[in-house]
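Tertiary structure, described
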Amino acid sequence: MTPGRGRGRGLGERVVQGRAKEQCHIRRMLADARRGESNCLLLHGEAGIGKTTLLDYAVAHAEGVGVLRVEGIESEMELAFGGLHQLLLPVLDRLDLLPPPQAGALRAVFGLSDESVRDRLTIGLATLSLLSEAAAGQPLLCVVDDLQWLDRPSVDALVFAARRLRAEGVVMLLATRETSSVGGAKALPHVSVTGVDRQSAASMLPGLAPPVTEWIIDQAQGNPLALQELAAALTPAQRPGSSDR
């Protein structure tokens, strides 16, 4: 299981400007997990809006918390239970701690036995049980990015488990572009990640002339990724208000 300390992809404070509310929510969930409580949260918003940055923030602040992470890949959407297997791979050595029917269900769907694939209820229960066992020694953070591209059987199992978390010390953070395409995930507690405010956007564009900054902010409409791509693409001749025009 991946340690949770210092694993945010080179995360700096500048790239999380304008997300104080979401960051506070994540820190509170992690603190609750350290006290043995469980929580889940679905982040949804358009591409580039900052969902992955918030997931990285959670990983980077997961001191003393184990981390399991998976990212949905569009080309693997047809591989049933592929996403669930990737997420749980670091803790599959604990399968023997599960009730035999549940352990058998996961072995079957992961191709580890010749048993027939059991019903979705048993698979969902097995997922919940394995997460609980993984959190027995230390709190656990499960991070699922691009949920909209995870295979549907994996989504169903994870949502089933997320809705039944109670006092295992597990935090489940999921991110998706839209809730309509991910089945029961829309029933989970969720936060809409929207564009950052103008002041926060301006802080991400240091060194630019004010007219240029304002023009980029207007074009990006609060999307941090668009702020970066527009700023990087500007040439002196393209900068509104520059002396080269």
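Residues numbered from 1 in each chain as written. Predicted model: local features only at pLDDT ≥ 70, side-chain atom pairs only at ≥ 80, totals over all residues. Heavy atoms only, no water.

A short note on the overall build of the chain
In plain terms, the rule: Helix and strand definitions follow DSSP, with helices as H or I runs of at least four residues and strands as E runs of at least two, each counted in order from the N terminus. Each residue is assigned to one of three classes by its accessible area relative to the maximum for its type, calculated with a 1.4 Å probe on protein chains only: buried under 20%, partly exposed between the two thresholds, exposed over 50%. By the convention used here, residues are in contact when the closest approach between their heavy atoms is within 4.5 Å. In short, Shrake-Rupley with a 1.4 Å probe defines the accessible areas, and a residue's cover is counted only from the protein chains shown.
Along the backbone of the chain there are 9 helices and 6 strands. Classification of the 245 residues of the chain by burial places 47% in the buried group. Taking the contacts inside the chain whose residues are at least 6 apart along the sequence as the reference set, 75% of them involve residues at least 24 apart. In the structure as shown, the chain presents an accessible area of about 11,800 Å², 49% of it carried by carbon and sulfur atoms.

Observations regarding the packing of helix α1 (residues 20-34) against helix α2 (residues 51-60)
Formally: Axis lines are fitted through C-alpha atoms, for helices just across the contact stretch, and the angle between N-to-C directions can take any value from 0 to 180 degrees. Crossing handedness: left-handed means the near helix sits turned counterclockwise from the far one by under a right angle, and right-handed means the same turn made clockwise. Each residue is assigned to one of three groups, with Ala, Val, Leu, Ile, Met, Phe, Trp, Tyr, Cys and Pro labelled nonpolar, Asp, Glu, Lys and Arg labelled charged, and all others, Gly among them, labelled polar.
One way to put it is that α1 packs onto α2 with a least axis distance of 10 Å and a crossing angle of 35°. Considering only the axes of α1 and α2, their crossing is right-handed. Where α1 approaches α2, its residues Glu-22, Gln-23, Ile-26, Arg-27 and Leu-30 are matched on the opposing element by Leu-54, Tyr-57 and Ala-58. Considering only residue class, the contact of α1 with α2 consists of 5 nonpolar, 1 polar and 2 charged.

What to know about the pairing of strand β5 (residues 170-176)
Put simply, the rule reads: Here, any two strands with at least 2 DSSP bridges between them count as paired. We call a crossover right-handed when, viewed with the strands running away from us, the connection from the first strand over the helix to the second turns clockwise.
Burial analysis of β5 places 7 of its 7 residues in the buried class, which makes it a mostly covered element. The alternating pattern of β5 places Val-170, Met-172, Leu-174 and Thr-176 on one face and Val-171, Leu-173 and Ala-175 on the opposite face, and all of these are buried. Of the strand pairs in this sheet, strand β2 (residues 39-44) and β5 are connected by 6 bridges, and their pairing is parallel. Across the sheet, residue His-44 finds its bridge partner in β5, namely Thr-176. With 5 bridges joining them, strand β4 (residues 140-145) and β5 adopt parallel strand pairing. Directly across from Val-144, in β5, lies its bridge partner Leu-174. You can see the chain leave β4, run along helix α6 (residues 152-162) and come back into β5, and the turn it takes is right-handed.

Side note on helix α9 (residues 224-233)
The following threshold applies: Picture the helix axis, draw a direction to every C-beta atom, and the arc is the one those directions span. Between N or O atoms, a polar contact is any pair within 3.5 Å; within protein, one atom must be a potential hydrogen donor and the other a potential acceptor, and residues adjacent in sequence are included only when both atoms are from side chains.
Where α9 is concerned, the buried positions are Pro-224, Ala-226 and Leu-227. Along the axis of α9, the buried positions cluster into a sector of 155°, meaning they face one direction only. Away from its buried face by more than 90 degrees, α9 exposes Glu-229, Ala-232 and Ala-233. The elements touched by buried residues of α9 are α7 (198-203) and α8 (210-220). At the N-terminal boundary of α9, the capping side chain belongs to Asn-223, with an oxygen 3.0 Å from the backbone nitrogen of Leu-225.

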